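Residues per chain are reported as follows:
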Amino acid sequence: SKGKFMTTTGAVLNGPLTIFSSLVFIRDVVKKAFLGKGVASHKHLGHVLPVALPLLQLLSYIRGRRSFSRGALLYIVQQMFFYLFFIPLALGVHHSAPDPCSREAEDLQSGEHPRNTFAWMEGQRGACTDFGEHMVAACTDYAVLSKDL
């Protein structure tokens, strides 16, 4: 069926498309940073590191397998499993919301910082109250890459 074909195609192409989009993003950030346009677009070289991680992972697989084809195949298989399993599971966890008629929904809406989901989004007020300082630091991009880079 069309759905299975699209899912399979997406899973197979996820690895190569991730690498391609990483390379394009890195090229654009470096270009803007060196042309001085990075300030206007809020891009700086610190944005390169997180985007380079898939490429570094691929290179690590190639080096570890001592073969371009076996390393690339391992990367593609890993990305297929990521696409097929991790993304749907993560969406279920990070965007979970209580039944609108439940006591939990009522508690979320009547709290000091009302919202309709259990998810915490960066910049949301009251995050430290709900999750504690450590959890907020652990689930933000600043825990991975400092703003000061």
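For the structure, check the block above.
Each chain has its residues counted from 1, following the order in which its sequence is written. Only residues with pLDDT of at least 70 get local features here, since the model is predicted, and only at 80 or more are side-chain atom pairs given and counted; chain-wide, interface and lining totals rely on the full set of residues. Only hydrogens and water are set aside when side-chain values are computed; all heavy atoms of the structure are taken into account.

A. Layout of helix H3 (residues 48-65). Secondary structure follows DSSP: runs of H or I at least 4 residues long count as helices, runs of E at least 2 residues long count as strands, and numbering of each begins at the N terminus. Expected span, for any helix, means 1.5 Å times one less than how many residues it has. Here H3 is 18 residues long and its end C-alpha atoms lie 26 Å apart, about the 26 Å a rise of 1.5 Å per residue gives. Bending of H3 peaks at approximately 35 degrees at the position of Pro54. For every residue, the accessible area obtained with a 1.4 Å probe (protein chains only) is divided by the maximum for its type, and the residue is called buried under 20%, exposed over 50%, and partly exposed between those limits. Where H3 is concerned, the buried positions are Val48, Ala52, Pro54, Leu58, Tyr61 and Ile62. Looking one or two residues past H3, Arg66 carries a phi angle of roughly 55 degrees, positive in sign. Note on bend: the value at a residue is the angle between axes fitted to the seven residues ending there and to the seven starting there.

B. Quick peek at unusual backbone geometry. In this structure, Arg66 takes a positive phi of about 55 degrees despite not being glycine. In this fold, Arg66 is placed in the loop between H3 and helix H4 (68-94).

C. Broad picture of the pattern of salt bridges. Whenever Lys or Arg places a side-chain nitrogen within 4 Å of a carboxyl oxygen from Asp or Glu, that contact is recorded as a salt bridge. Scanning all chains against the criterion turns up three salt bridges. Linking Asp28 and Arg27 is a salt bridge whose minimum nitrogen-to-oxygen distance equals 3.0 Å. Looking at Asp28, the relative accessible area reads 28%, which means it is partly exposed. A salt bridge links Arg103 to Glu106, with the shortest nitrogen-to-oxygen separation between them at 3.0 Å. With Arg103 and Glu106 both in helix H5 (residues 103-110) and three residues apart, this pair spans about one turn of that helix. Among the ionic contacts, a cluster of salt bridges with common partners joins Arg103, Glu106 and Asp107.

D. Geometry of the environment of Ser60. Considering the arrangement of structural elements, one finds Ser60 in helix H3. With twelve residues separating them in the primary sequence, Ser60 and Ala72 have C-alpha atoms 9.9 Å apart.

E. Spatial organisation of the packing of helix H1 (residues 2-35) against H3. Direction vectors running N to C along H1 and H3 enclose 140 degrees, while the axes themselves pass 9 Å from each other. Of the possible angle classes, the one that applies to H1 and H3 is oblique. Pair H1 / H3 crosses with left-handed handedness. Contact residues: H1 offers Thr18, Ile19, Ser22, Leu23, Phe25, Ile26, Val29 and Val30, while H3 offers Val48, Val51, Ala52, Pro54, Leu55 and Leu58. Classifying every residue of the contact of H1 with H3 by side-chain character gives twelve nonpolar, two polar and no charged. For helices, the fitted axis covers only the stretch in contact; all axes are lines through C-alpha atoms, and the angles between them, taken along N-to-C directions, range from 0 to 180 degrees. Roughly parallel here means an angle under 35 degrees, roughly antiparallel means over 145, roughly perpendicular means 65 to 115, and every remaining angle is called oblique. What makes a crossing left-handed is the near helix being turned counterclockwise from the far one by less than a right angle; a clockwise turn instead makes it right-handed. Any two residues whose heavy atoms approach within 4.5 Å are treated as being in contact. By the convention adopted, Pro, Cys, Tyr, Trp, Phe, Met, Ile, Leu, Val and Ala count as nonpolar, Lys, Arg, Asp and Glu as charged, and the other residues, Gly among them, as polar.

F. Layout of the packing of aromatic side chains. Stacked, edge-to-face and tilted are the three classes for Phe, Tyr and Trp ring pairs, Trp counted by its six-membered ring, which pair at centre distances within 6.5 Å; planes under 30 degrees apart are stacked, over 60 edge-to-face, the rest tilted. Taken as a whole and assessed by the stated rule, the structure comprises two aromatic pairs. The interplanar angle of 20 degrees and the centroid separation of 5.7 Å between the aromatic rings of Phe81 and Phe85 together place this pair among those described as stacked. Here Phe81 pairs with Phe85, and both are found in helix H4, just four residues apart, close to one helical turn. Here Phe85 falls in the partly exposed class, since its relative accessible area comes to 47%.

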